[in-house]
Protein chains: 2
Amino acid sequence: MKTYFSPSSIAVIGASPREDSLGGQILANLRYGYAGLIYPVNPNYSEIQTLPCYATVENISGPVELAIIIIPAPAVPEALASCGRKGIRRVIIESAGFAEIGEKGRLLQERCLAVARAADIRIWGPNCMGLVDIPKKFFFTFMHPNIYKDGLIEGRISMVVQSGMLSAGFLADLMSERAVGIAKACSIGNKMDIDECDVLEYLLEDDETDAVALYLESIVRGRKFLELADRAKKPIVLLKGGKSRTGAKAALSHTSSLAGNARLQDSLLSLAGVTIARDFQQMMEVTRALAMIGRTPANCRTAILTFSGGAGILSCDMIEQQGLRVAELSASTKKELALIFPDWLPASNPVDMFPAFAVKGAVAAYDGAFNAVVKDPRVDVLFLHFFVGLYSTYDRLKLFKEAADREGKVLILWVIGRRDALRTFKREAQENAIPVHGELFRAVECLAYASRYTLRKKTPQLIFTGKHKLLPKAASILSACTEHIWDEFDSKRLLKTYGIPTVEEKIVESAFAATIVAREIRFPVVLKGLVHGQVHKTESGLVCLNITSVADLKASFADLTRRMKGKGQILLQQQMPIEYELIVGMVHDEQFGPCVMFGLGGIFSELQKDVVFAPAPLSTSTAKELIRRISGKKLLQGFRGRKPLDMKLMAEVLVNLGNLATACLDIEQIDINPLVIYQGKPIAVDATVIKKAVG
Amino acid sequence: MKTYFSPSSIAVIGASPREDSLGGQILANLRYGYAGLIYPVNPNYSEIQTLPCYATVENISGPVELAIIIIPAPAVPEALASCGRKGIRRVIIESAGFAEIGEKGRLLQERCLAVARAADIRIWGPNCMGLVDIPKKFFFTFMHPNIYKDGLIEGRISMVVQSGMLSAGFLADLMSERAVGIAKACSIGNKMDIDECDVLEYLLEDDETDAVALYLESIVRGRKFLELADRAKKPIVLLKGGKSRTGAKAALSHTSSLAGNARLQDSLLSLAGVTIARDFQQMMEVTRALAMIGRTPANCRTAILTFSGGAGILSCDMIEQQGLRVAELSASTKKELALIFPDWLPASNPVDMFPAFAVKGAVAAYDGAFNAVVKDPRVDVLFLHFFVGLYSTYDRLKLFKEAADREGKVLILWVIGRRDALRTFKREAQENAIPVHGELFRAVECLAYASRYTLRKKTPQLIFTGKHKLLPKAASILSACTEHIWDEFDSKRLLKTYGIPTVEEKIVESAFAATIVAREIRFPVVLKGLVHGQVHKTESGLVCLNITSVADLKASFADLTRRMKGKGQILLQQQMPIEYELIVGMVHDEQFGPCVMFGLGGIFSELQKDVVFAPAPLSTSTAKELIRRISGKKLLQGFRGRKPLDMKLMAEVLVNLGNLATACLDIEQIDINPLVIYQGKPIAVDATVIKKAVG
């Protein structure tokens with residue numbers, strides 16, 4: 001990947017003397033900051049922008065490390081072949097007209113890939129805007145030169161964007177208003193070869209990058225992505241397009257990429273330590289905050305220094321809402337604040353500095369309050385509010401940052417004010433690596449993201465790969481049961497071989513046999529009719545609950561037999577007492593491989609899908625982390641005098657299920673629904689195994 | 001109120017020649033745009049800023065309609081008395097140092113109020129920044145003249161802000177960046193007399209105001225506020241500070257206002273049609289969208305016209321997430337679009353115009369796509385994305401708006417781009433009354449707010465006042481039960497008099513009596529020990545569930561008798577079959593009066609407080625609307641083959657409870673928990689009435 005980011009020479013295939021053409025813009029962009037050798041390639045010209053122009057890359061005498069292609073799509077395979085002959089191993093195809101335009105383009109794309117593979121060429125693109133390195137002033141892209149005419153702010157965030165036009169528009173917008181400094185911006189387009197994992201892997205090792213923000217419409221190598229994120233020492237923030245049904249349809253036709261199950265993806269990614277963003281600018285503000293804040297203390301006890309009591313109050317509301325803490329100032333801090341403020345103002349958090357403005361002047365009020373609070377051992381975060389352009393300016397950010405660093409405190413800013421003063425202030429904050437936000441909620445939200453990121457990164461590795469050998473008992477059940485959808489008896493037999501606790505049950509051939517079994521496992525019992533292909537047993541009247549006597553049992557047996565018309569078999573099981581129901585399962589995802597699911601079941605699942613996923617196999621700590629991640633985790637902690645969920649047992653169920661999923665790739669899906677909890681212990685009451693359809 | 005907004009003459013008590021003093025700034029601000037008579041009042045000068053200055057208002061010869069006071073707090077009562085003698089009936093006290101500084105200030109504030117009442121003076125403030133009318137260029141405020149030096153954008157939104165400093169900072173910020181046009185901005189401070197209801201009532205009738213945005217830390221006259229909102233023909237958007245514990249503490253010390261129970265307030269306000277905002281700028285963007293969009297069609301079928309496939313995809317995601325609909329374009333529109341776009345691009349929603357840029361040019365692509373889509377009968381909303389400052393500009397907003405109005409379509413814009421181009425574009429959008437947003441999520445969120453607002457305003461009046469006479473049977477129970485906290489038997493006796501269905505039950509004196517009653521109401525039954533003051537019956541072992549036989553019953557009776565040690569009495573009740581549990585209640589709120597609560601009970605209430613409130617008395621439609629407002633309403637619609645909740649019966653319970661609450665102000669609180677649902681029918685199984693503590 002290094003060659004893509006710092007090639008010693010570049011050929012522009014499709015260079016043009018026309019300034020407003022894409023080929024002309026690439027050339028102009030290269031000449032703006034790139035100091036290596038530039039070779040325009042175009043058979044129609046002998047010179048472009050004072051540079052000698054070549055008919056093909058093969059005519060260039062020196063070595064060429066990188067080629068950027070911007071010619072009509074149908075001509076690209078031949079250009080690639082030419083690159084191969086010239087010995088160019090790295091190519092960016094910025095032309096459009098490939099997989100994104102449908103079948104014809106998809107075939108063309110495949111031809112390109114074949115040519116590239118044969119010539120040992122790596123391809124970036126097609127249908128992309130290439131890459132930009134702002135500190136180095138490299139613009140390997142056709143984006144309009146106007147973008148950097150306003151001045152680009154360099155920073156330590158790198159971005160990866162799948163959508164082309166967006167990356168350009170977005171850069172322009174960032175530079176215009178928001179003072180988010182950028183290191184590298186990569187537009188990866190159709191990613192027919194180089195994908196997000198390649199670029200991410202490079203950026204995670206890049207010295208100029210402190211955090212990576214990605215806008216993606218698909219993740220091709222899901223498992224690899226999770227592993228990179230899990231190991232990453234830098235924050236990764238992801239905005240994923242194509243979650244909705246309609247959105248997903250558009251994603252398919254846009255960059256011809258598959259958008260998977262959003263709930264599964266979000267859950268896996270967040271488990272791997274990826275921060276999920278909601279919108280473009282929000283993603284950049286979150287990334288900046290994560291990059292600048294680094295690790296936060298566990299508590300995030302936050303002190304608010306404000307010019308407005310109202311903003312202070314709202315900040316408190318938001319901080320508590322986000323699960324952070326409003327700091328309780330220590331006595332010595334209060335004493336020091338009392339010296340600055342009028343007698344009547346109680347020195348407490350939030351610190352409303354406005355009343356001190358009249359007495360001391362605004363700058364002195366900020367200085368005094370800041371210096372008092374920054375030393376407070378009960379304060380982890382200082383949330384400063386500024387109001388610029390009306391009164392004197394606060395050019396203290398450098399000093400504030402130094403003091404905060406010295407004391408090991410986190411600094412975060414909210415600013416409102418007049419246009420030009422705002423811009424100056426935001427630039428100053430960016431230069432001093434202090435996150436600054438124009439909206440209160442955004443600032444607090446970013447702090448919460450940073451706190452969650454820290455918490456996640458404290459836990460050890462959670463994502464594993466590994467092969468498991470299928471246990472012999474399970475293997476024999478698997479080879480015996482050849483159906484696509486298994487009945488619950490066979491399904492639980494398989495689960496049992498992996499140590500998953502299941503309800504006591506037995507197939508009963510007659511009413512007489514049933515009474516013997518029922519006495520063994522004790523009343524009350526349940527009878528279920530298992531008929532091949534009949535998944536909805538309850539709705540078909542094939543479940544008799546709460547059988548408390550032999551008489552009941554006989555009647556129910558007779559009733560079931562009649563309903564089943566001689567097909568299938570009858571299962572007798574213990575009627576479990578229930579405190580609440582969970583749902584556990586596994587699913588084989590195309591991008592992410594086998595994944596284990598955990599969530600609330602029963603009546604809860606009627607209201608909200610409170611489920612989380614982890615890639616199999618799971619370690620015990622991954623399983624425990626998964627259990628902690630459902631929204632309804634409060635329920636598991638015991639309520640109304642009930643026992644809390646036995647975490648060890650529950651984690652075992654998940655680990656074992658993960659092992660089964662890893663060992664047996666023939667299984668497409670498993671549902672344990674419900675997994676009943678009684679006195680804190682889980683028992684699988686109903687289950688379905690779905691084998692991969694053969695064919 | 002009219003005098004406050006357009007007085008013919010103004011005295012400034014505390015005027016000063018010092019430019020940077022508050023008194024000096026008020027004078028300068030008045031002279032900037034106010035054309036009426038201005039009288040500086042200050043005993044130390046005979047002339048200020050070329051105007052004759054008076055020692056007291058009584059020395060002014062002509063009539064004075066409004067006085068603005070900006071002198072040290074202790075001198076204010078005398079100044080008010082002087083105003084009274086002069087016949088001034090409207091005063092704005094902008095000085096601080098009143099209730100917000102504690103007890104001493106509170107007493108001073110009370111003295112001022114007494115003087116004002118005696119002299120028939122209305123007071124605005126104290127501790128406020130007065131008011132601003134941007135179209136009229138009236139600045140009755142000490143805010144810094146820098147604020148309007150950048151040029152103020154007039155618009156049709158008025159704001160009411162409790163916090164002083166905030167209103168100024170906020171105005172400056174709005175003007176600087178966001179192009180939100182303002183009509184009137186009112187800072188009401190400690191609101192010792194004039195409060196948010198007075199100002200809101202005026203603004204709801206104000207011809208220059210299309211929507212009202214409020215930042216409040218307390219609502220003094222809650223019921224009045226609800227009534228105003230319920231009747232309002234204009235959108236009201238509210239940001240409430242002081243929700244958190246810490247926040248509430250700060251609110252108390254900040255403007256010495258009480259911040260009530262946030263869940264109750266939010267629920268009541270939203271029932272009354274108030275839109276609840278989350279943050280300052282968000283509030284203004286939401287208000288602007290509501291003001292500009294007006295009513296939305298029920299479906300909000302949205303077409304997206306974008307320059308970026310990625311932004312189109314994300315828009316779809318957000319639209320579906322917010323419960324709106326992505327439009328399915330009609331065949332004729334698709335046909336028209338096909339003429340503009342390259343062959344390979346499927347003409348569908350979202351409409352990605354970028355591929356047409358190269359063919360037709362950007363402006364032609366926008367025009368063509370817009371004109372095709374705006375006529376589509378399957379489209380209600382056009383969500384246009386713009387990218388300004390790089391290529392040619394789109395100066396079509398006026399034409400777009402006219403076409404949209406002609407076709408009865410809603411227009412909403414998202415724009416990114418270069419700084420100056422952005423500003424120009426946003427101003428143009430503001431002038432054409434099209435809401436424009438810098439973040440995608442914000443734009444979609446505003447559309448969703450507009451859609452909910454429309455929906456709410458379609459329902460008739462929901463907030464009622466009224467007196468009810470207490471039913472004689474209820475009155476006799478109320479006078480017989482003198483305890484503060486009632487036991488469930490008495491509580492349900494009272495509820496029964498108001499037609500609330502309760503479980504069959506009877507006090508039983510002996511085990512023998514119990515067996516007779518149990519046979520009457522049929523097994524299974526429940527025995528409960530009622531002991532005075534013992535609220536947690538289950539935890540104290542005073543509940544025996546699931547008694548299925550006479551033997552069980554006798555044993556349980558004996559057991560309970562032993563536990564109760566001769567105190568209290570034993571209640572036998574029918575064991576109800578349960579599908580799910582609700583919780584219903586009433587609470588008497590200080591600001592909002594008696595309110596009825598409705599929500600999910602049982603295990604759900606362990607996870608989330610899914611409860612909503614309505615002010616009593618309730619009409620049947622209010623009750624039904626309330627039931628529809630819980631998040632878990634899906635549960636009530638019937639699930640897994642269960643009957644949906646009987647809306648008529650359920651609404652009756654709420655209406656009757658509201659009538660009881662309205663009729664009897666002696667009751668502080670009622671809990672019906674659980675209200676059990678079986679086969680869609682509600683039955684109160686346990687209940688507690690709490691009477692107001694005497695003294």
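The model shown is predicted, which means the values in this text are computed figures rather than measured ones. The numbering scheme is per chain: residues are counted from 1 as the chain's sequence reads. The lettering of chains begins at A and the numbering of ligands begins at 1, in the order of writing. Predicted model: local features are reported for residues with pLDDT of at least 70 only, side-chain atom pairs are reported and counted for 80 or more only, and whole-chain, interface and lining totals are derived from all residues. Working from all heavy atoms in the structure, the side-chain values ignore hydrogens and water.

Enquirer: I'd like to hear about the overall build of chain A, residue by residue, with values.
Expert: By the criteria applied, helices consist of DSSP H or I runs no shorter than four residues and strands consist of E runs no shorter than two, each listed in order from the N terminus. Scanning chain A from N- to C-terminus turns up 26 helices and 30 strands. Taken over the C-alpha atoms alone, chain A extends approximately 95 × 80 × 35 Å along its principal axes. Burial classes follow relative accessibility: with a 1.4 Å probe on protein chains only, a residue under 20% of its type's maximum area counts as buried, one over 50% as exposed, and anything between as partly exposed. Among the 695 residues that make up chain A, the fraction classed as buried is 62%. Residues count as neighbours in contact if any of their non-hydrogen atoms are within 4.5 Å of one another. Sequence-distant contacts, at least 24 apart, represent 72% of the contacts inside chain A between residues at least 6 apart.

Enquirer: An account of the sheet that holds strand E22 (residues 525-530) of chain B is needed here, citing residue identities and associated values.
Expert: Residue and element names in this part refer to chain B. Read from one edge to the other, the open sheet built from four strands follows the order E21-E24-E22-E23, with strand pairing classed as antiparallel. Each edge of the open sheet is held by one strand with a lone partner, namely strand E21 (505-508) and strand E23 (543-547). The mean angle between the axes of side-by-side strands here comes to 20°, regardless of whether they run parallel or antiparallel. Two strands qualify as a pair provided that DSSP identifies no fewer than 2 bridges between them. Pairing of E22 with strand E24 (residues 569-574) involves six bridges; the strand directions are antiparallel. Residue pairing for E24: leucine 530 is matched across the bridge by glutamine 569. The angle between two axes is taken between their N-to-C directions and runs from 0 to 180 degrees, where each axis is a line fitted to C-alpha atoms and a helix contributes only its stretch in contact. Running at roughly 10° to E22, helix H22 (residues 550-564) makes contact with E21, E22, E23 and E24 of the sheet.

Enquirer: Quick one: what's the story with the side chain of Ser95(A), residue by residue and with numbers?
Expert: Residue and element names in this part refer to chain A. Within the element layout of this structure, serine 95 appears in the loop between strand E6 (90-93) and helix H4 (103-118). Accessibility expressed as a relative area gives 4% for serine 95, which makes it buried. Setting aside residues no more than four positions away along its own chain, serine 95 makes contact with Ile69, Ile70, Ile71, Val76, Pro126 and Asn127.

Enquirer: Outline the environment of Ala558(B), listing residues and values.
Expert: Looking at where Ala558(B) falls in the secondary structure, it is placed in helix H22. Along the backbone, Ala558(B) and Leu271(B) are 287 residues apart, and their C-alpha atoms lie at a distance of 50 Å.

Enquirer: Requested: an account of the pattern of salt bridges, with residues and values cited.
Expert: Each salt bridge in this description consists of a side-chain nitrogen of Lys or Arg and a carboxyl oxygen of Asp or Glu lying within 4 Å of one another. Overall, the coordinates contain 76 salt bridges over all chains when judged by the stated rule. Between Lys401(A) and Asp405(A) there is a salt bridge whose closest N-O contact spans 3.5 Å. In this pair, Lys401(A) and Asp405(A) both sit in helix H16 (residues 397-407), four residues apart, roughly one turn of the helix. According to the relative accessible area criterion, Lys401(A) is buried, its value standing at 16%. The partner of Lys375(B) in a salt bridge is Glu336(B), with the nearest N and O atoms 3.3 Å apart. In this pair, Lys375(B) sits in the loop between helix H15 (362-374) and strand E18 (381-388) while Glu336(B) sits in helix H13 (residues 331-340), placing the two residues 39 residues apart along the sequence. Judged by relative accessible area, Lys375(B) falls into the partly exposed class, the value being 43%.

Enquirer: An account of the environment of Asp490(A) is requested, with residue identities and associated values reported.
Expert: Mapped onto the elements, Asp490(A) comes out in helix H20 (residues 488-497). Taking the relative accessible area as the measure of exposure, Asp490(A) reaches 18% and is therefore buried.

Enquirer: Mind laying out the packing of helix H19 (residues 472-480) of chain A against H20(A), listing which residues take part and the relevant values?
Expert: Residues and elements named next belong to chain A. Running from N to C, H19 and H20 point in directions that differ by 160°, and their axes come no closer than 8 Å. With respect to H20, the element H19 is oriented roughly antiparallel. Both H19 and H20 take part in a crossing whose hand is left-handed. Here Lys473, Ala474, Ile477 and Leu478 of H19 come into contact with H20, specifically with Arg493, Leu494 and Thr497. Think of it as three bins: nonpolar holds Ala, Val, Leu, Ile, Met, Phe, Trp, Tyr, Cys and Pro, charged holds Asp, Glu, Lys and Arg, and polar takes everything else, Gly as well. Among the residues forming the contact of H19 with H20, the class breakdown is four nonpolar, one polar and two charged. Any angle between 65 and 115 degrees counts as roughly perpendicular, while under 35 counts as roughly parallel, over 145 as roughly antiparallel, and the rest as oblique. Handedness of a helix crossing follows the sense of rotation of the near helix relative to the far helix, less than a right angle counterclockwise being left-handed and clockwise being right-handed.

Enquirer: Explain the domain arrangement of chain A residue by residue, including any values.
Expert: Each domain's extent is set by a domain assignment, obtained either automatically or from a database. Annotation of chain A at the domain level lists domain 1 (1-127), domain 2 (128-293), domain 3 (298-452), domain 4 (504-574) and domain 5 (580-691). Placing a centre on the C-alpha atoms of domain 1 of chain A and another on those of domain 3 of chain A gives a separation of 51 Å.

Enquirer: Lay out the confidence of the model for chain A with the relevant residues and their values.
Expert: Residues and elements named next belong to chain A. Mean pLDDT over chain A: 89, with 94% of residues reaching 70 or higher. Scored from 0 to 100, pLDDT records how confident the predictor is in each individual residue. Contacts of residues 249-260 to residues separated by more than four positions or lying in other chains number 40 contacts, the stretch itself having pLDDT below 50. This complex was scored by the predictor with a pTM of 0.92 and an ipTM of 0.90.

Enquirer: Mind laying out the packing of aromatic side chains, listing which residues take part and the relevant values?
Expert: Aromatic ring pairs: the centre-centre distance and the angle between the two ring planes describe each pair. Whether two aromatic rings pair depends on their centres lying within 6.5 Å, for rings of Phe, Tyr and Trp, where Trp uses its six-membered ring; planes under 30 degrees apart make the pair stacked, over 60 edge-to-face, and the rest tilted. In total, this model carries 30 aromatic pairs over all chains according to the counting rule given. Measuring from ring centre to ring centre gives 5.9 Å for Phe307(A) and Trp414(A), while their planes differ by 10°; the resulting arrangement is stacked. Of this pair, Phe307(A) sits in the loop between strand E15 (301-306) and helix H12 (309-321) while Trp414(A) sits in strand E19 (residues 410-417), and the two are 107 residues apart along the sequence. Across this residue pair, the class does not change: Phe307(A) and Trp414(A) are buried. Measuring from ring centre to ring centre gives 4.8 Å for Tyr366(B) and Phe386(B), while their planes differ by 15°; the resulting arrangement is stacked. Within this pair, whereas Tyr366(B) is found in helix H15, its partner Phe386(B) is found in strand E18, the two being separated by 20 residues in sequence. On the accessibility criterion, Tyr366(B) (1% relative accessible area) is buried. Every member of this aromatic cluster is reached through a ring pair, and the members are Tyr215(A), Phe280(A), Phe307(B), Phe387(B) and Trp414(B). Over the ring of Phe441(B) we find Arg278(A), and its NZ or CZ is 5.0 Å from the ring centre. Only Lys NZ and Arg CZ are tested; either one counts as a charge over a ring when it is within 6 Å of the ring centre and within 35 degrees of the ring normal. Over the ring of Tyr449(A) we find Arg452(A), and its NZ or CZ is 5.2 Å from the ring centre.

Enquirer: Could you give me a rundown of the sheet that holds strand E13 (residues 236-240) of chain B, with the residues and numbers involved?
Expert: Backbone hydrogen bonds hold the strands of a sheet together, and the pairing may be parallel or antiparallel. All names here are of chain B. Pairing is mixed in the open sheet, where seven strands are placed in the order E9-E8-E11-E10-E12-E13-E14. In this open sheet, the two edge strands, each paired with only one partner strand, are strand E9 (138-140) and strand E14 (275-276). In terms of strand pairing, strand E8 (residues 130-133) meets strand E11 (residues 182-187) through four bridges, oriented antiparallel. Bridge pairing links glycine 130 to serine 187 in E11. Along the sheet face, helix H11 (residues 280-293) touches strand E10 (154-161), E11, strand E12 (211-216), E13 and E14 and points at about 160° away from the line of E12.

Enquirer: Can you tell me about the environment of Glu19(A), naming the residues and giving the values?
Expert: Residue and element names in this part refer to chain A. Take glutamate 19: it is sitting in the loop between strand E1 (9-13) and helix H2 (22-33). Looking at glutamate 19, the relative accessible area reads 70%, which means it is exposed. Separated by 30 residues in sequence, glutamate 19 and glutamine 49 place their C-alpha atoms 9.6 Å apart. Setting aside its immediate chain neighbours within four residues, glutamate 19 contacts Gly24 and Gln25.

Enquirer: Run through helix H3 (residues 76-86) of chain A, naming residues and quoting values.
Expert: All names here are of chain A. For H3, a buried count of eight out of 11 residues is recorded, marking the element as mostly surrounded by other parts of the structure. Where H3 is concerned, the buried positions are Val76, Pro77, Ala79, Leu80, Ser82, Cys83, Gly84 and Lys86. Buried residues belonging to H3 abut E1, strand E5 (66-69), E6, H4 and strand E7 (122-124). Two residues or fewer past H3, glycine 87 is found with a positive phi of approximately 90°.

Enquirer: Outline the side chain of Asp206(A), supporting the account with residue identities and numerical values.
Expert: Residue and element names in this part refer to chain A. Inspection of the secondary structure puts aspartate 206 in the loop between helix H7 (196-205) and strand E12 (211-216). At 2.8 Å, the side chain of aspartate 206 and the side chain of lysine 184 are in polar contact. Discounting chain neighbours no more than four positions away, the residues touching aspartate 206 are Lys184 and Lys234. Pairs of N or O atoms within 3.5 Å make up the polar contacts considered here, provided that, within protein, one atom can donate a hydrogen while the other can accept it, and that residues adjacent in sequence are counted only when both atoms are side-chain atoms.

Enquirer: Talk me through the state of the cysteines; I want residue IDs and the actual numbers.
Expert: Disulfide assignment relies on a single distance test, namely cysteine sulfur atoms paired within 2.5 Å. Enumeration over the complete set of coordinates arrives at zero disulfides over all chains. Cys197(B) provides the cysteine sulfur closest to Cys595(B), a residue in no disulfide bond, and the two sulfurs are 15 Å apart.

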